[in-house]
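Coordinates in review
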Amino acid sequence: MKKMWGYLMRQYREVVSYIFWGVATILVNYAVYFACRKLLLIHYIVSNVAAWIAAVVFAYVVNKVFVFGARDWSRKRLFKEIWQFAAARMISGVAETGMLWVLVDVMGYRDSVIKIIAGVLVIAVNYVFSKWVVFRHQI
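Residues numbered from 1 in each chain as written. Predicted model: local features only at pLDDT ≥ 70, side-chain atom pairs only at ≥ 80, totals over all residues. Heavy atoms only, no water.

What about the overall build of the protein chain?
Helices and strands together make up the secondary structure of the protein chain, namely 5 helices and 0 strands. Residues classed as buried in the protein chain amount to 40% of the 139 residues present. By sequence separation, contacts in the protein chain at least 24 residues apart represent 67% of the contacts at least 6 residues apart. Of the roughly 8,700 Å² of accessible surface on the protein chain, 75% is carried by carbon and sulfur atoms. Taken as two groups, the 17 positive and 6 negative side-chain charges of the protein chain have centres that lie 10 Å from each other. (Helix = DSSP H or I, 4+ residues; strand = E, 2+ residues; numbered from the N terminus. Buried < 20%, exposed > 50% of the residue type's maximum accessible area, 1.4 Å probe, protein only. Contact = heavy atoms within 4.5 Å. Areas by Shrake-Rupley, 256 points an atom, 1.4 Å probe, with all protein chains shown as cover. Lys, Arg positive; Asp, Glu negative; His and termini not counted. Charge placed at Lys NZ, Arg CZ, Asp CG, Glu CD.)

See below:
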């Protein structure tokens, strides 16, 4: 079992790392979201935007360093990556916010449940953007 686990970790290091840091990013996102919603009583859309910003900053750093092992820290590379990363995350963030709006305001589902479901879908989209657009030149 130990050998098999080691083999799988070597073979799928990037995906496993992305999942691990993706879960950490979700935790950052949810911590900010639920703190805004439940402690500060901020509207769920505003809470979602605040959570998104915190999660994007966290995710950029951990994706660059730990997931994709990007080593180029030049200003030119950072500017391009940050712009692409933020743009890609904006697409998924708008989609997530749209899902929340439709499923909570229009259809009447609980925001906490929809937030979790939307997060799972966003992870897959964000991986594709990160791997094939943002960090593709450094992998």
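Past the structure itself, the notes keep going.
Some remarks on empty space enclosed by the protein
Here the structure, examined in full by the defined rule, presents 1 cavity of 30 Å³ or more. The space that makes up the largest cavity amounts to roughly 250 Å³. Every residue lining the largest cavity is counted, 21 residues in all, and those nearest its centre are Thr-25, Ile-26, Arg-89, Val-122 and Asn-126. Contributing elements (two or more residues each) for the lining of the largest cavity: α2 (13-39), α3 (44-67), α4 (75-106) and α5 (111-134). Top contributing element to the lining of the largest cavity by residue count: α2, with 7 residues. For the lining of the largest cavity, the class distribution of residues is 11 nonpolar, 8 polar and 2 charged. (1 Å grid on protein atoms, 1.4 Å probe; cavity = no way out; pocket = protein on both sides within 12 Å on 5 of 7 lines; lining within 4 Å. Points joined across faces, edges and corners; volume = space filled by probe spheres on them. Nonpolar A, V, L, I, M, F, W, Y, C, P; charged D, E, K, R; others polar.)

As for the pattern of salt bridges
Within the structure shown, the criterion is met by 5 salt bridges. Put simply, Glu-81 and Lys-64 hold a salt bridge, and the shortest N to O gap is 2.8 Å. A residue pair is termed long-range when its members are at least 10 positions apart, and Glu-81 in helix α4 and Lys-64 in helix α3 qualify at 17 residues. Judged by its relative accessible area of 0%, Glu-81 falls in the buried class. By relative accessible area, Lys-64 is classed as buried at 0%. The closest approach of N and O atoms between Arg-77 and Asp-72, which form a salt bridge, is 3.8 Å. (Salt bridge = Lys/Arg side-chain N within 4 Å of Asp/Glu carboxyl O.)

Focus: the nonpolar core
Ranked by size, the top nonpolar core spans 16 residues in total, and within it Trp-21, Tyr-60, Val-67, Phe-68, Phe-85 and Phe-135 carry the most contacts. At the level of elements, α2, α3, α4 and α5 are the ones that each hand at least two residues to this core. It is α3 that contributes the most residues to this core, 6 residues altogether. Core analysis: the next-biggest nonpolar cluster, separate from the first, contains 6 residues, Tyr-44, Ala-51, Leu-100 and Ile-114 among them. (Core = buried A, V, L, I, M, F, W, Y, C linked by side-chain atoms within 4.5 Å.)

Observations regarding the environment of Trp-73
Following the sequence through the fold, Trp-73 ends up in the loop between α3 and α4. A residue is classified by how much of its surface remains accessible, and Trp-73, at 46% relative accessible area, is partly exposed. Contact partners of Trp-73, with chain neighbours within four places excluded, come to Lys-64, Val-65 and Leu-78.

Details of the side chain of Asn-126
Its location among the elements puts Asn-126 in helix α5. In this structure, Asn-126 is in contact with Tyr-18, Ala-88, Arg-89 and Ser-92, ignoring residues within four places of it in sequence.

Points about the packing of α4 against α5
Where α4 contacts α5, the two axes come as close as 9 Å, and the packing angle between them is 155 degrees. Relative to α5, the element α4 is oriented roughly antiparallel. Here α4 and α5 pass one another in a crossing that is right-handed. Residues that form the contact of α4 with α5 fall into these classes: 15 nonpolar, 5 polar and 5 charged. (Axes fitted to C-alpha atoms, helices over the stretch in contact; angles between N-to-C directions. Parallel < 35°, antiparallel > 145°, perpendicular 65-115°, else oblique. Left-handed = near helix turned anticlockwise from the far one by under 90°.)

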